[in-house]
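Examination of the molecular architecture
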Amino acid sequence: MFKKILIANRGEIALRVLRACRELGIASVAVHSTADADAMHVRLADESVCIGPPAARDSYLNMPAIISAALITGAEAIHPGYGFLSENAAFAEMVEAHDLVFIGPTAHHIRIMGDKITAKTTMDDLGVPLVPGSPGELASLEDARVVAERIMYPVLIKAAAGGGGRGMKVAQNAGELEAAWREARAEAAAAFGNNAVYMEKYLDKPRHIELQVLADNHGEVVHIGERDCSLQRRHQKVLEEAGSPAISATQRDALGETVIKALKKIGYRNAGTLEFLYQDGQFAFIEMNTRLQVEHPVSEAISGIDLVREQIRIAAGEPLGYTQADIEFSGHALECRITAEDPLTFAPSPGTVVMFHPPGGLGVRVDSALYAGYRVPPHYDSLIAKLITHGRTRPEAIARMKRALHEFVITGIKTTIPLHQRILEAPDFIAGDYTIHWLERFV
Ligand code: MV4
């Protein structure tokens, strides 16, 4: 096992990794920008290194500074958290080139899944179901026309280097195809420096359901159940749940079996998440995330598995030590992402936190790096707390969430707590009856 790990991140996820390190008896090194000198992750770590000015590109994305911090402090491994360098294959390679361990998948797998076309063709070859679409990159507008006629309108043109909805254009009919093609390519080139695009049939009312997996370096692969992440606004997830209210345990097990077989074949390692669209009883793979995700705590709640501990153990070469048959799912979990934003306009609301009283009690977890007197810097993501509740049933998890939101006091900045309270009262939410479009219409 490692003796010391560097955490290349900030905020609640840096704390999450620090906690796993301390429980495993591993020393921790925090890195921080000048804007984060007073941040909680710096205070909680055994050591810290300042890696640059506030702008993320000069600090949390500064690869040489982070590698140097690891070498100077004698850390043996780097946990990237989520965002920042977590899905940067070049960084994973740089880490390994300095005889450090990247706590995550291999650079090869990060690269395959980072290109959405390669990810899809890989999964297709492995028998994972996809949305009908182009077999690969669209070669020309003519090619796009041929594929669209075959799969039938409406169609969606997506950027190969995409994700997060950028460079994605719908064509409802043949008349809209040329504009969609041009706009998708232009947006992809501008956003990613890569104008490669592909086509899928446009699903009009899907749910976003993703499957958490863990794979060790010895060929064992397990799934940790699904999460329903359909409640999102402008491609930002707002509230997630495990399991999905829309699918049965039988459906989950069948999907899990297909995915495990596929990941064993490609020798995938560490944690990962496969994203699916689910509509009319069918799953269709769209993307794979090769990192720990923000919403991982709901999977931890229903499985009892500490995903970050497992990531670290796997990276150190330890076998999982259990199989799918040993994993039991219990109850239901919800996560509310609380951001420093106006709950009505979503305008960012950085500033100084005056009061901070997180809720507690049975079935309640708060992952947050906030404290009274902390100044939320304007330079980074607006996520300030994740509130997770677990119950024996979905109604119990909902009741706990309402109770916990009622207890939660954050003053000095605006937060989205009132938005979550409204969602939890909505009959469609209570019934579990929502698609990826529901929240956009609700807010
Ligand atoms: C889709 C889709 C409908 N049909 N693909 C958006 C971001 C990217 N990760 C995939 N996305 C979508 N792909 C087909 N064939 C609708 C979306 C989509 C979406 C997906 C998941 C969660 C929220 C979303 C919000 C709008 C659109």
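Everything here concerns the structure above.
Residues numbered from 1 in each chain as written. Predicted model: local features only at pLDDT ≥ 70, side-chain atom pairs only at ≥ 80, totals over all residues. Heavy atoms only, no water.

**Comments concerning the overall build of the chain**
Helix and strand counts for the chain come out as 15 helices and 20 strands. Its C-alpha atoms give the chain a radius of gyration of 21 Å, within 12% of the compact-globule value 22 Å for 443 residues. Overall, the C-alpha framework of the chain stretches about 60 × 50 × 45 Å when taken along its three principal axes. Sorting the 443 residues of the chain into buried and exposed places 56% on the buried side. (Helix = DSSP H or I, 4+ residues; strand = E, 2+ residues; numbered from the N terminus. Rg over C-alpha atoms; globule rule 2.2 N^0.38 Å. Buried < 20%, exposed > 50% of the residue type's maximum accessible area, 1.4 Å probe, protein only.)

**Examining the packing of aromatic side chains**
In total, this model carries 10 aromatic pairs according to the counting rule given. Residues Tyr60 and Phe84 carry aromatic rings whose centres are separated by 5.1 Å and whose planes lie at 25° to one another, so their mutual orientation is stacked. Within this pair, whereas Tyr60 is found in the loop between strand 3 (47-52) and helix 3 (63-73), its partner Phe84 is found in the loop between strand 4 (77-79) and helix 4 (89-97), the two being separated by 24 residues in sequence. With 5.9 Å between their ring centres and 80° between their planes, Phe276 and Phe283 make a pair best called edge-to-face. Owing to a relative accessible area of 0%, Phe276 belongs among the buried residues under this scheme. (Phe/Tyr/Trp six-rings, centres within 6.5 Å; stacked < 30°, edge-to-face > 60°.)

**A closer look at the site of the ligand**
Near the ligand you find 16 residues, and of these Lys158, Glu200, Lys201, Leu203 and Glu287 are the closest. Within the side chain of Lys158, an N or O atom sits 2.9 Å from a nitrogen atom of the ligand. In this structure, Lys201 approaches the ligand through a main-chain N or O atom, which is 2.7 Å from a nitrogen atom. For the ligand, whose free accessible area comes to 530 Å², the fraction covered by protein is 92%. Residue assignment for the shell around the ligand shows that the elements contributing at least two residues are strand 6 (155-159), strand 8 (197-201) and strand 13 (282-289). Grouping the constituent residues of the shell around the ligand by class yields 8 nonpolar, 4 polar and 4 charged. (Near = heavy atom within 4 Å. Polar contact = N/O pair within 3.5 Å; in protein donor to acceptor, adjacent residues only side chain to side chain. Areas by Shrake-Rupley, 256 points an atom, 1.4 Å probe, with all protein chains shown as cover. Nonpolar A, V, L, I, M, F, W, Y, C, P; charged D, E, K, R; others polar.)

**Observations concerning the sheet that holds strand 5 (residues 101-102)**
Ordered in space as 3-2-1-4-5, the 5 strands form an open sheet in which the pairing is parallel. Edge strands, defined here as strands with exactly one partner in the open sheet, are strand 3 and strand 5. (Pairing = 2+ DSSP bridges.)

**Observations concerning the sheet that holds strand 10 (residues 221-233)**
Read across the open sheet, the 8 strands follow the order 13-12-9-10-11-14-19-17; overall the sheet is antiparallel. Each edge of the open sheet carries a strand with a single partner, namely strand 13 and strand 17 (364-368). Here the average twist between neighbouring strands, direction ignored, is 25°. Relative to strand 14 (residues 332-339), strand 11 (residues 236-242) is paired through 4 bridges, and the arrangement is antiparallel. Residue pairing for strand 14: Leu239 is matched across the bridge by Cys336. Contacting strand 17 and strand 19 (383-391), helix 1 (residues 11-24) crosses the sheet at an angle of about 115° to strand 17. Contacting strand 9 (207-215), strand 10 and strand 12 (270-279), helix 11 (residues 307-315) runs over the sheet at an angle of about 40° to strand 9. (Axes fitted to C-alpha atoms, helices over the stretch in contact; angles between N-to-C directions. Contact = heavy atoms within 4.5 Å.)

**Observations regarding unusual backbone geometry**
With omega at -5°, the peptide bond leading from Tyr153 into Pro154 counts as cis. Cis geometry marks the peptide bond from Ala242 to Gly243, where omega comes out at -10°. Along the polypeptide, Gly243 turns up in the loop between strand 11 and helix 9 (249-266). Its identity as a non-glycine residue notwithstanding, Arg234 has a phi of 50°, on the positive side. Structurally, Arg234 can be placed in the loop between strand 10 and strand 11. With a relative accessible area of 62%, Arg234 lands in the exposed category. Backbone geometry places Asn270, a non-glycine residue, at a positive phi of 75°. Tracing the chain through its elements places Asn270 in strand 12. For Asn270, a relative accessible area of 1% corresponds to the buried category.

**With respect to the nonpolar core**
Counting 37 residues, the largest nonpolar core has Ile338, Ile410, Ile423 and Phe429 as its most contacted members. Mapped by element, the contributors of at least two residues to this core are strand 11, strand 14, strand 19, helix 12 (394-407), helix 13 (417-425) and helix 15 (438-442). Of all the elements, helix 12 adds the most residues to this core, at 5 residues. The residues contacting Ile410, other than those within four sequence positions of it, are Ile338, Val353, Met355, Phe356, Leu370, Ile384, Thr415 and Ile417. (Core = buried A, V, L, I, M, F, W, Y, C linked by side-chain atoms within 4.5 Å.)

**Concerning empty space enclosed by the protein**
The full count for this structure, using the stated rule, is 1 cavity of 30 Å³ or more. Of the voids in this model, the largest cavity is the one considered here, and its volume is about 50 Å³. Taken together, 14 residues form the lining of the largest cavity, with Ile103, Gly104, Thr290, Arg291 and Gln311 sitting closest to its centre. (1 Å grid on protein atoms, 1.4 Å probe; cavity = no way out; pocket = protein on both sides within 12 Å on 5 of 7 lines; lining within 4 Å. Points joined across faces, edges and corners; volume = space filled by probe spheres on them.)

**A few points about the packing of helix 1 against helix 11**
At a minimum axis distance of 9 Å, the contact between helix 1 and helix 11 shows a crossing angle of 65°. Of the two elements, helix 1 crosses helix 11, and the hand of that crossing is right-handed. On helix 11, the residues that touch Arg16, Val17, Ala20, Cys21 and Leu24 of helix 1 are Leu307, Val308, Arg309 and Ile312. Each residue belonging to the contact of helix 1 with helix 11 can be placed in one class, and the counts come to 7 nonpolar, no polar and 2 charged. (Left-handed = near helix turned anticlockwise from the far one by under 90°.)

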